[in-house]
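Residues per chain are reported as follows:
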2 protein chains.
Amino acid sequence: MKNIHKMIVMLVIAFASPTLSLAQDPLPSWNDGAAKQAIVNFVRTTTDTGGTNFVPPEERIATFDQDGTLWVEHPVYSQLMFCLDRVPAVVAARPELKDVEPFKTVLSGDREAIAKLPMKDLEKIAVATLTGMTTEEFQADVRKWLADARDPRWHRPYPELTYQPMQEVLAYLRASGYKTYIVTGGGQDFVRVYSEQTYGIPPEQVVGTAGGTKYGYDKDGKPMLTKEPRLVLNDNDAGKPEGIHLMIGRRPHAAFGNSTGDQQMLEYTRAGDGARLAMLVLHDDATREYAYGPAQGLTDTKVGTFTQKLYDEAQQDGWVVISMKNDWKQIFAFEK
Amino acid sequence: MKNIHKMIVMLVIAFASPTLSLAQDPLPSWNDGAAKQAIVNFVRTTTDTGGTNFVPPEERIATFDQDGTLWVEHPVYSQLMFCLDRVPAVVAARPELKDVEPFKTVLSGDREAIAKLPMKDLEKIAVATLTGMTTEEFQADVRKWLADARDPRWHRPYPELTYQPMQEVLAYLRASGYKTYIVTGGGQDFVRVYSEQTYGIPPEQVVGTAGGTKYGYDKDGKPMLTKEPRLVLNDNDAGKPEGIHLMIGRRPHAAFGNSTGDQQMLEYTRAGDGARLAMLVLHDDATREYAYGPAQGLTDTKVGTFTQKLYDEAQQDGWVVISMKNDWKQIFAFEK
């Protein structure tokens, strides 16, 4: 059995490589510099059959945070926009919520008041909009929202806000035999709806914050899974390596993040033997995207915090910081 | 990104198929009959590009229970043998347990008394032998045990007790573009240690009963994950479809089990659209393996219960029952 499996993996690599070599540069949206070089060196050394850093194909795992690493997270996480947008439908189905906070504030449309809602109110909104329905109903809700919703700055569907340079990294790693995973603090069920189409990452390679489901039967006796307000995995901070162990069971060889929530995932990745790549996207481009995080003297933020402490750990532990401003030629595919 | 991914999948299938057709029969250890025919028909119809039952490669998911479906589960689950075998080492490290039940009974070696230990004592043994160590220490423990331990009947390492006909099904499905998963009531961390070598199934495709881990640092500041006695997923009964949703996020097109613990996984699989294969291994071969389960008038058992009710549901819902005695020419690779 093992040999057939290995043979298939080898065939994939053999056939993927020519595709890659046709393109002269696997990372055309990257400027030449330390960040680009670190990625290319990592791929070369871990796929060099005779080298000491060679990683067998079955162990090639790379993990990517999503919000702020693969796509835009400012001014607020896309999933929070989904939850807020779903409130009218939830209240239509449960009219008793109309005059109850925080639903009343959300329905008012008062952006300032909505922005000030405390975490416990956001949790109430999350429970009301992310649980109680079947997994299939939820998937349909997300699909419809993705088709209709537009982001407030570029007025495009959210999946278009992915970073072209990171899409190139995903494709380059996959063409080099790596399995690419999303490891996100966002909702696992939410991200899985669009991960394949947006990133070429299948649902089973999305690890995220996950609630439990409950198995049961509908009125016709057909099995169904209902989403419950019970947290199974909080995939942030220490929850990221814990989630990686739960869902993948292997330590990544490469990990990409952009905030303090990714710290433990990057530490865990770097602590393995051999060549291990840890990278952090620094949002320092106020013109083409956003600039935030107190490191490098940028503005502080609650969405995607990049602290000086994180920057210092990156320096000490050999993580590579990606400057959006300096390392990326192009940020979005829609820029021309 | 999507196109590259699809192209690779297509290449895998294109290259896997000739391998398959060279072998005249993908299931040589199976006797001709309804069970073998059901598998072959399922593969043909779901991979027939022009047919109404065609399943796109990325949706080809097949799930397999382990104990009693892929390998022997009698007289007791292998993992329970591991736990019992680990007790002396645990007591050596924690001498205060020496005179405490159930450890005292296990140390006595009195097989009859051990067999009578109630569930709550077995849980104490599980907590003591499966938690408290780092994930890497645990993997090393399991690896060592697998190398040393022999089963009580054939006196072979446990991984040799896999069913050759099921290994052929795994290989046949993979060669037909299916991703094969183990979905076991056994411990996820335990099964992942040997799944790749034994079944060609990588750790990330093993879903099992899982405890939480806790991220921390050792005395040198190196990150580590410690196994905790906190249940994250009880992957039995309704926990199987719930676990499939959590870990895979797609409904399987084929599922294989052998006991009441697999009922909901098979129902959930069959409830999907198009062709869905659900199969149950019936242990009715007392000579070559074991015969148990009250269905078909066999002896009742607590390990791998196959009730008359399960048999009736199989008949009503179109599941296919595999008779080890009649459907399998050969059971183990070591039989010659």
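In the block above lies the structure referred to throughout.
Let me sum up the structure you'll find in this document. None of the values given here were measured: they were computed from a predicted structure.

Some thoughts on helix H2 (residues 34-47) of chain B
Residues and elements named next belong to chain B.
So, step 1. In a regular helix each residue adds 1.5 Å, so 14 residues correspond to 20 Å; H2 covers 20 Å between its end C-alpha atoms and thus fits that length.
So, step 2. What H2 keeps buried is the set Ala 35, Lys 36, Ala 38, Ile 39, Val 40, Phe 42, Val 43 and Thr 46.
So, step 3. Buried residues along H2 sit in contact with helix H8 (164-175), strand E5 (254-257), strand E6 (277-282), strand E7 (320-323) and helix H13 (324-327).

Brief notes about the interface of chain B and chain A
Interface size is often expressed as the accessible area that is lost when the parts come together.
So, step 1. Residue-level contacts link 55 residues of chain B with 56 residues of chain A.
So, step 2. For the chain B and chain A pair, buried surface summed over both sides reaches about 4,900 Å², with 60% attributable to carbon and sulfur atoms.
So, step 3. Of the charged contacts, one joins Arg251(B) and Glu136(A) as a salt bridge, the two residues approaching to 2.8 Å between their closest N and O atoms.
So, step 4. Where chain B meets chain A, there are 26 residue pairs in polar contact (both at pLDDT 80 or more).
So, step 5. With nine residues, the single largest contributor to the side of chain B that touches chain A is helix H1 (residues 2-22) of chain B.

Digging into the sheet that holds strand E3 (residues 206-217) of chain B
Residues and elements named next belong to chain B.
So, step 1. Strand order in the open sheet made by the seven strands is E4-E3-E2-E1-E5-E6-E7, with mixed pairing throughout. Edge positions in the sheet fall to strand E4 (223-233) and E7, since each of these pairs with one other strand and no more. Taken over all neighbouring pairs, the strand axes of this sheet differ in orientation by 35° on average, direction set aside.
So, step 2. Sheet strands in contact with helix H9 (residues 188-199) are strand E2 (179-187), E3 and E4, and its direction is about 140° off that of E2.

Side note on the side chain of Asp67(A)
Residues and elements named next belong to chain A.
So, step 1. Relative to the elements of secondary structure, Asp 67 occurs in the loop between strand E1 (61-64) and helix H3 (78-93).
So, step 2. Although Asp 67 lies buried, it forms no salt bridge, and the closest oppositely charged side chain, Lys 240, sits 7.9 Å away as judged by the N-O distance.
So, step 3. Side chain to side chain, Asp 67 and Trp 71 meet in a polar contact 2.8 Å long.
So, step 4. Apart from the residues lying within four places of it in its own chain, the contact partners of Asp 67 are Glu 73, Tyr 77, Thr 184 and Asn 258.

A few points about the relation of the copies chain B and chain A
So, step 1. Its rotation angle being 180°, the transformation that places chain B on chain A also includes 0.0 Å of axial translation and leaves an RMSD of 0.0 Å. As the rotation angle and translation indicate, the two copies are arranged about a two-fold axis.
So, step 2. Comparing interface residues between copies, 100% of those in chain B also lie at the interface in chain A; the contact surface is shared.

Let's talk about the sheet that holds strand E3 (residues 206-217) of chain A
Residues and elements named next belong to chain A.
So, step 1. Strand order in the open sheet made by the seven strands is E4-E3-E2-E1-E5-E6-E7, with mixed pairing throughout. The open sheet terminates on both sides in strands that have one partner only, identified here as strand E4 (223-233) and strand E7 (320-323). In this sheet, neighbouring strand axes are inclined to one another by 35° on average, regardless of whether the strands run parallel or antiparallel.
So, step 2. Summarising the sheet, strand E6 (residues 277-282) and E7 pair through four bridges and their orientation is parallel. Residue pairing in the sheet places Val 281 in a bridge with Ile 322 of E7.
So, step 3. Sheet contacts for helix H2 (residues 34-47): strand E5 (254-257), E6 and E7; angle to E6, the most-contacted strand, approximately 155°.

Analysis parameters
- Residues numbered from 1 in each chain as written.
- Chains lettered and ligands numbered in written order.
- Predicted model: local features only at pLDDT ≥ 70, side-chain atom pairs only at ≥ 80, totals over all residues.
- Heavy atoms only, no water.
- Helix = DSSP H or I, 4+ residues; strand = E, 2+ residues; numbered from the N terminus.
- Expected span 1.5 Å × (residues − 1).
- Buried < 20%, exposed > 50% of the residue type's maximum accessible area, 1.4 Å probe, protein only.
- Contact = heavy atoms within 4.5 Å.
- Buried area = accessible area lost by both parts, 1.4 Å probe.
- Salt bridge = Lys/Arg side-chain N within 4 Å of Asp/Glu carboxyl O.
- Polar contact = N/O pair within 3.5 Å; in protein donor to acceptor, adjacent residues only side chain to side chain.
- Pairing = 2+ DSSP bridges.
- Axes fitted to C-alpha atoms, helices over the stretch in contact; angles between N-to-C directions.
- Lys, Arg positive; Asp, Glu negative; His and termini not counted.
- Least-squares fit on C-alpha atoms with pLDDT ≥ 70 in both.

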